[in-house]
Amino acid sequence: MPTSRLPPVVMDLKQFMTRGRVLQLYRDILRTTHNIDPNDKEYVRQWARSDFERYRFEKDPDRIQTLLTQGKVQLRTLENSVILSKRKWKA
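Our subject in this report is the structure included herewith. Residue numbers run consecutively from 1 along every chain, following the written order of its sequence. In keeping with the model being predicted, local features are shown solely for residues with a pLDDT of at least 70 and side-chain atom pairs are shown and tallied solely at 80 or more, while totals for entire chains, interfaces and linings include all residues. To get the side-chain values, all heavy atoms of the structure are used, and hydrogens and water are removed first.

**Considering the packing of aromatic side chains**
Just so we agree on the cut-off: When the centres of two rings from Phe, Tyr and Trp lie within 6.5 Å, Trp using its six-membered ring, the rings pair. Their planes under 30 degrees apart give stacked, over 60 give edge-to-face, and anything left gives tilted. We count a stretch as a helix when DSSP gives it H or I for four or more residues in a row; a strand needs E for two or more, and each element gets its number in order from the N terminus. Buried means the residue's accessible area, taken with a 1.4 Å probe over protein chains only, is under 20% of the maximum for its type, while exposed means over 50%, and partly exposed covers the values in between.
All told, the structure shown has one aromatic pair when counted by the stated rule. Aromatic side chains Tyr26 and Phe52 sit 4.9 Å apart centroid to centroid with 70 degrees between the ring planes, which places their arrangement in the edge-to-face category. Taken together, the residues span a long stretch of sequence, with Tyr26 in helix α1 (residues 13-32) and Phe52 in helix α2 (residues 38-54) at a distance of 26 residues. Judged by its relative accessible area of 25%, Phe52 falls in the partly exposed class.

See below:
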């Protein structure tokens, strides 16, 4: 019998949309790492993976929204750091 990749519990629309935002944040973080040094890239990817895994089974919607907001701030900080490091090396 093939195993399903679907969650065992049916989500409501709000949970489904939140899940999509979480996955999008994770993909955005990984895309941002394409532009950095390979050693730093692996470190940032491991950091992101561990943070997402740590909160994987979080159920509280308010806590999830807080984590999403914090993740977006961290993503913007990472993007700014990448931009600044590119300017530093071009100068």
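**Points about the nonpolar core**
A general tendency of soluble globular proteins is for nonpolar side chains to be buried together. Inclusion rule: Residues grouped as a nonpolar core are buried Ala, Val, Leu, Ile, Met, Phe, Trp, Tyr and Cys residues, joined through side-chain atoms within 4.5 Å. Contact definition: two residues touch when any of their heavy atoms are within 4.5 Å.
Listed in full, the nine residues of the largest apolar core are Leu25, Ile29, Ile36, Val44, Ala48, Leu68, Leu75, Leu78 and Val82. Secondary structure elements with two or more residues in this core: α1, α2 and α3 (61-90). Top contributing element to this core by residue count: α3, with four residues. Beyond its immediate sequence surroundings of up to four residues, Ile36 is in contact with Lys41, Val44 and Val82.

**Let's talk about α1**
What counts, and what does not: The span you would expect from a helix comes to 1.5 Å times its residue count less one. Under the rule applied, a polar contact is a pair of N or O atoms within 3.5 Å (in protein, one hydrogen donor and one hydrogen acceptor; residues adjacent in sequence only if both atoms are side-chain atoms).
The end-to-end C-alpha separation of α1 is 29 Å, in line with the 28 Å expected for 20 residues at 1.5 Å each. Among the residues making up α1, those that are buried are Thr18, Leu25, Ile29, Leu30 and Thr32. Sitting at the amino-terminal end of α1 is Asp12, which places a side-chain oxygen 3.2 Å from the backbone nitrogen of Lys14.

**Structural notes on the pattern of salt bridges**
Rule in force here: Take a side-chain nitrogen of Lys or Arg and a carboxyl oxygen of Asp or Glu: if they are within 4 Å of each other, that pair is a salt bridge.
Counted under the stated rule, the structure contains five salt bridges. Between Arg54 and Asp51 there is a salt bridge, and its shortest N-O distance comes to 2.9 Å. With a gap of three residues between them, Arg54 and Asp51 both fall in helix α2, about one helical turn apart.

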